Number of protein chains: 2
Amino acid sequence: MILVNGEYKTHIPVTDRGFQYGDGLFETIEVKRGQAVFLEQHIDRLCKGCIRLHIPAPSLDILRFEITSLCNKFNTSSANTGDCVLKIIITRGSGGRGYRQPDIIEPTRIISVHPWPDYPQDYAKQGITARFCQTRVGLNPLLAGLKHLNRLEQVMARAEWNDPDIQEGFMLDINGHIIEGTMSNAFFVKDGVLHTPTLFHAGIAGIIRGLIIELAHRNHITVSEHLFFTEALLSADEVFVTNSIIGIWPIKQLETTTYCVGPVTQQLQIWLHQFKLDQLNKEWDDPNV
Amino acid sequence: MILVNGEYKTHIPVTDRGFQYGDGLFETIEVKRGQAVFLEQHIDRLCKGCIRLHIPAPSLDILRFEITSLCNKFNTSSANTGDCVLKIIITRGSGGRGYRQPDIIEPTRIISVHPWPDYPQDYAKQGITARFCQTRVGLNPLLAGLKHLNRLEQVMARAEWNDPDIQEGFMLDINGHIIEGTMSNAFFVKDGVLHTPTLFHAGIAGIIRGLIIELAHRNHITVSEHLFFTEALLSADEVFVTNSIIGIWPIKQLETTTYCVGPVTQQLQIWLHQFKLDQLNKEWDDPNV
């Protein structure tokens, strides 16, 4: 179910610069019982990304209206629980000459909903198995942090393994620093301090990553954003990954190193769940915590 | 005029991974009097790129048939001279879960023709004006050399200037090494030696770049592929840029430094023109040399 510039469509022009050059941005959002989770944070990141790429930001009224319409339509169209994944794509639209952008930019706005993925609940409770990827994340300060459409590195990294028992791979930059997972941000705990890679030169500034840092600060957990090597992960007390769909997944095994699901990870899962409920003004139980 | 998997269409599915992630490759080819120039070299690069990205390469018989059909149709559809630009895009098609590619890949094959750009002949004869871009080229050995669809860096670099008197911008990597122009490869001549950046960590391995190196070797001009800084360009005897549409454009001014159109550049223009005629088995005059 896809809205392209407000109309139900399945196709976009070949000329769209999102297709020709990856000239755009996207957001992936959890929809819980019909409500988009952390929607304001996602919209805020999308608009800031548009500013950085010099793409006119979409009308927020229209965006919110279309998101609500699509979620409602999705939920009434079948026996859904109201849980789904919402994706927003904003591109620079068509036009321009080669890489040069058109004088008047008419962005393309795509909103789509997708079935909620059937990840086992065990992943959040008992943890997942991860590996290190050979594919490196490119270093580019100008694009670092942005959730842009140039994601070939992640595609190539995710293609490195087929083993269904491995759920995520950590990606390094060319200097060997850990940057992120293929679809997630990376954290580790050592001696009570929470560590996560800085994203000045590479990586996506995830919404959940930002919230985890905020929740840690609020609760007087020291957070250290810096660059570190694989050894730091392998000698950590706790390791976990985050994104808007999975929330927090503890790592129980990384290559041959094993970890327990530790107290900081579990506490952050509880705080994140409570923060979500507070934002939605709802009182649901999270089966994962 | 666009062929999508052999059918005349203008749109592709939103789900195409070329659109979602830039998960694909492209070629931009000169068509001269109805014939695709250096076609075998372009097809060879495309197929090698497919191998590197694990995308099944298209059938070369179908590809050649469609290219010929489209060029013929374009040339008979209006009062064309037979000169146009041909673009081929190959993507991983639709499917898969997130970045993970589908188990069975059904690539998308897009062939399109576009009017020949109206660059002034002066650009090839008297040279162009260029600048240095602030936008850096990301360092990623895995993707280096490939003409893939992740081209946001080039879009952002080209957006840095609107001055119509500046035709190209040189892009550096984060270490300050010259990598390429926004739409071209970079060369300079110093004391009779031809220099061009190595592309192990970044940049596109252009078809004309490869031919220039080959022609220089054949004619006993020493070619040095290495990493160099802006100072090397600014103190060069000759500077030029290349791509499949522009051929060779000498640089007459780079920021505040001026150059003459030198003998090595002019000789390479003549050799490239002759090589093109030999490959096409034709005897045309090139108005640019």
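Calculation rules
All residue numbers here refer to positions counted from 1 along the written sequence of the relevant chain. The order in which chains are written sets their letters, starting at A; the order in which ligands are written sets their numbers, starting at 1. In keeping with the model being predicted, local features are shown solely for residues with a pLDDT of at least 70 and side-chain atom pairs are shown and tallied solely at 80 or more, while totals for entire chains, interfaces and linings include all residues. Note that the side-chain values use all heavy atoms of the structure and ignore hydrogens as well as water. Paired strands, as defined in this entry, are two strands with at least two bridges between them according to DSSP. Secondary structure follows DSSP: runs of H or I at least 4 residues long count as helices, runs of E at least 2 residues long count as strands, and numbering of each begins at the N terminus. Each domain's extent was defined by an automatic or database domain assignment. In this description, contact between two residues means that some pair of their heavy atoms is separated by no more than 4.5 Å. In short, buried area is how much 1.4 Å probe accessible area vanishes from two parts on joining, totalled over both. Definition used for salt bridges: Asp or Glu carboxyl oxygen within 4 Å of a side-chain nitrogen of Lys or Arg. The rule is simple: take the accessible area with a 1.4 Å probe, protein chains only, and divide by the maximum for that residue type; under 20% is buried, over 50% is exposed, in between is partly exposed. When the copies are overlaid, the least-squares fit takes in C-alpha atoms only where the residue has pLDDT of at least 70 in both copies. Grid points spaced at 1 Å over the protein atoms alone were grouped into cavities, where a 1.4 Å probe fits but cannot get out, and pockets, open sets with protein on both sides within 12 Å along at least five of seven lines, with lining residues defined by an atom within 4 Å of a point. Grid points are joined across faces, edges and corners, and a volume is the space filled by probe spheres set on the points. Only Asp, Glu, Lys and Arg are considered charged, only Ala, Val, Leu, Ile, Met, Phe, Trp, Tyr, Cys and Pro nonpolar, and every remaining residue, Gly among them, polar.

Attention shifts here to the sheet that holds strand 5 (residues 35-36) of chain B. Residue and element names in this part refer to chain B. The strand order across the open sheet built from six strands is 2-1-7-6-4-5, with neighbouring strands paired in antiparallel fashion. In this open sheet, the two strands that pair with only one neighbour each are strand 2 (7-8) and strand 5. Of the pairings in the sheet, the one linking strand 4 (residues 24-32) to strand 5 comprises two bridges and is antiparallel in character. Bridge pairing in strand 5 links Lys 32 to Gln 35.

Moving on: the domain arrangement of chain A. Interfaces are frequently sized by the accessible area removed from exposure as the parts join. Residue and element names in this part refer to chain A. Each domain of chain A was delimited in the assignment, giving domain 1 (2-115) and domain 2 (122-280). A C-alpha centroid distance of 25 Å is found between domain 1 and domain 2. Opposite the 23 residues of domain 1 that make contact, domain 2 presents 23 residues. Of the roughly 2,000 Å² buried between domain 1 and domain 2 on both sides combined, carbon and sulfur atoms contribute 66%. Looking only at domain 1, the three residues that lose the most surface to domain 2 are Phe 26, Phe 38 and Arg 45, adding up to 34% of its buried area. Counting across the domain 1 and domain 2 interface gives one salt bridge. Between Lys 276 and Glu 30 there is a salt bridge, with the nearest N and O atoms lying 3.2 Å from each other.

Attention now moves to the environment of His217(A). All names here are of chain A. In this structure, His 217 sits in helix 6 (residues 207-218). Here His 217 falls in the partly exposed class, since its relative accessible area comes to 47%. Residues His 217 and Ser 235, spaced 18 residues apart in sequence, show a C-alpha to C-alpha distance of 23 Å.

Residues and elements named next belong to chain A. Positive phi outside glycine occurs at Arg 33, with the angle close to 45 degrees. Structurally, the position occupied by Arg 33 is in the loop between strand 4 (24-32) and strand 5 (35-36). Of note, His 54 is a non-glycine position whose phi angle comes to about 55 degrees, a positive value. Tracing the sequence through the fold places His 54 in the loop between helix 2 (39-53) and helix 3 (60-77).

Attention now moves to the relation of the copies chain B and chain A. Overlay of chain B on chain A (RMSD 0.0 Å): rotation 180 degrees, translation along the axis 0.0 Å. As the rotation angle and translation indicate, the two copies are arranged about a two-fold axis.

Our next topic: empty space enclosed by the protein. Counted by the stated rule, this structure contains one cavity of 30 Å³ or more. Every residue lining the largest cavity is counted, 32 residues in all, and those nearest its centre are Gly138(A), Glu153(A), Gly138(B), Leu143(B) and Glu153(B). Looking at the lining of the largest cavity, the elements with two or more residues in it are helix 5 (152-158) of chain A together with helix 5 (152-158) of chain B. Here the residues of the lining of the largest cavity are counted per class, giving twelve nonpolar, 14 polar and six charged.

Scanning the model with the defined rule gives 28 salt bridges over all chains in all. When the shortest N-O distance is used, the salt bridge between Arg45(A) and Glu27(A) registers 2.7 Å. Remark: Glu27(A) occurs in strand 4 and Arg45(A) occurs in helix 2; sequence separation between them is 18 residues. Across the pair, Glu27(A) and Arg45(A) agree in class, each one buried. For Lys9(B), the salt bridge goes to Glu7(B), with nearest N and O atoms at 4.0 Å. In this structure Glu7(B) comes out as partly exposed when scored by relative accessible area, which is 47%.

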